[in-house]
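Secondary and tertiary structure notes
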Amino acid sequence: MRPREIHIVAVAVLAVSCGRPTPSTSAPQPAGLPTVDVVPVVERPLGITMEMPGELEPYEDVAIYPRVTGYIKTIRVDRGSRVRAGDVLAILEAPELVAQRAEAQSKLQGAQAQLAATRSRAGAAAGTLEKLAAASATPGVVAGNDLMVAQKSVEADQSQLQAAEQMVEAARQAVAAVTQMEAFLQIVAPFAGTVAERSVHPGALVGPGGGAGGGLPLFRVVQSSRLRLVVPVPEPYSAGITQGTSVPFTVRAYPGETFSGNVARIARMVDARTRTMAVEIDVDNRDGR
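Now for a description of the structure that goes with this document. Here, residues in each chain are numbered from 1, in the same order as that chain's written sequence. Predicted model: local features are reported for residues with pLDDT of at least 70 only, side-chain atom pairs are reported and counted for 80 or more only, and whole-chain, interface and lining totals are derived from all residues. Hydrogens are left out, water is left out, and the side-chain values use all remaining heavy atoms of the structure.

1. Thoughts on the packing of aromatic side chains
Planes of paired rings set the category: under 30 degrees apart is stacked, over 60 is edge-to-face and the rest tilted, where pairs are Phe, Tyr or Trp rings (Trp by its six-membered ring) whose centres lie within 6.5 Å. Scanning the model with the defined rule gives 2 aromatic pairs in all. Measuring from ring centre to ring centre gives 5.9 Å for Tyr254 and Phe259, while their planes differ by 70 degrees; the resulting arrangement is edge-to-face. Accessibility expressed as a relative area gives 23% for Tyr254, which makes it partly exposed. What links up through ring pairs into an aromatic cluster is the set Phe249, Tyr254 and Phe259. Its end group placed over the ring of Tyr59, Arg226 keeps NZ or CZ at 4.0 Å from the ring centre. Per-residue accessibility, obtained with a 1.4 Å probe over protein chains only, is compared with the maximum for each type, and a residue is labelled buried under 20%, exposed over 50%, and partly exposed between these values. Throughout this description, the term charge over a ring refers to an Arg CZ or Lys NZ atom that lies within 6 Å of the ring centre and within 35 degrees of the ring normal.

2. With respect to the pattern of salt bridges
In what follows, salt bridge is the name for a side-chain nitrogen of Lys or Arg lying within 4 Å of a carboxyl oxygen of Asp or Glu. According to the stated counting rule, one finds 16 salt bridges in the structure shown. Residues Lys107 and Glu103 are paired through a salt bridge, measuring 3.6 Å at the closest nitrogen-oxygen approach. Within this pair, Lys107 and its partner Glu103 are both found in helix α2 (residues 95-135), separated by 4 residues, close to a single helical turn. What makes Lys107 exposed here is its relative accessible area of 54%. Put simply, Glu235 and Arg275 hold a salt bridge, and the shortest N to O gap is 3.1 Å. In this pair, Glu235 is assigned in helix α4 (residues 235-238) and Arg275 in the loop between β10 (259-270) and β11 (276-284), connecting sequence segments 40 residues apart. Put simply, DSSP marks the helices as runs of H or I at least four residues long and the strands as runs of E at least two long, and each gets a number from the N terminus on.

3. Considering a nonpolar patch on the surface
The patches described consist of residues with a relative accessible area above 30% and no salt bridge, like charges being joined within 9 Å and nonpolar side chains (Val, Leu, Ile, Met, Phe, Trp, Tyr) within 5 Å. Accessible surface is estimated by sampling points in the Shrake-Rupley manner with a 1.4 Å probe; for residues, cover comes only from the protein chains shown. Taken together, the side chains of Leu46, Ile48, Met50, Met52 and Tyr237 define a hydrophobic patch exposed on the protein surface, amounting to about 500 Å² of accessible area. Secondary-structure assignment places Met50 in the loop between α1 (2-18) and β1 (55-64).

Listed below in structure tokens is the structure:
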């Protein structure tokens, strides 16, 4: 019996021990409502940065051909020469133009002499008609047929006078045309720039058909103070390009440096072969770099 009582007491003590109250702790207080930033959702095209190849070209590029046939007498520039608008690049020599101008001037002088004679006859005929008309006021002094003949003579002289004036004007235009052709003997620069190519030398025969030059231009002048950066933009990205946008670019001649230009012209047409659209960027190159 005794061992059983000991077991009961142990259980009672354990029960009392488990039933003791634990120390009280403060319960957590409920936190405030969270703050959430809200922004409106806007649909916009996704900005994409791409690297594309381009080609720097002169802003203006012209091949200069002669307008008349002649021999190169003098060349005043060479490749790399800087020129201004109107500077003489070369002078041609064409003796046949001198003969044509002399012939045209001779025809002009002949037409002017014929005009003067016709004008004198027309004036005399008009004076005779005026006198006959005044005399015809007295009956029987002038026959009616004579008055009619004088009138027809004046009309014919007026027609001849108009024809002579037209001949003089035609001769004057012929002289002006030859003179203008002689002005083409001086080859001048159309704009300020740099001579990029020169394909002739003094003594060469040149002309509109090429002559001995085989159709090659005499010079090639480019404007390099302002450049065009032409970039073929793939069709999927062409819609996101706008004029005036600043575009950075690099060139192999200056590694590590970045230049910039503004979008100036957009072709607005996709090349069917490459599916690209040409975009031109204006580049300031006044420093010649």
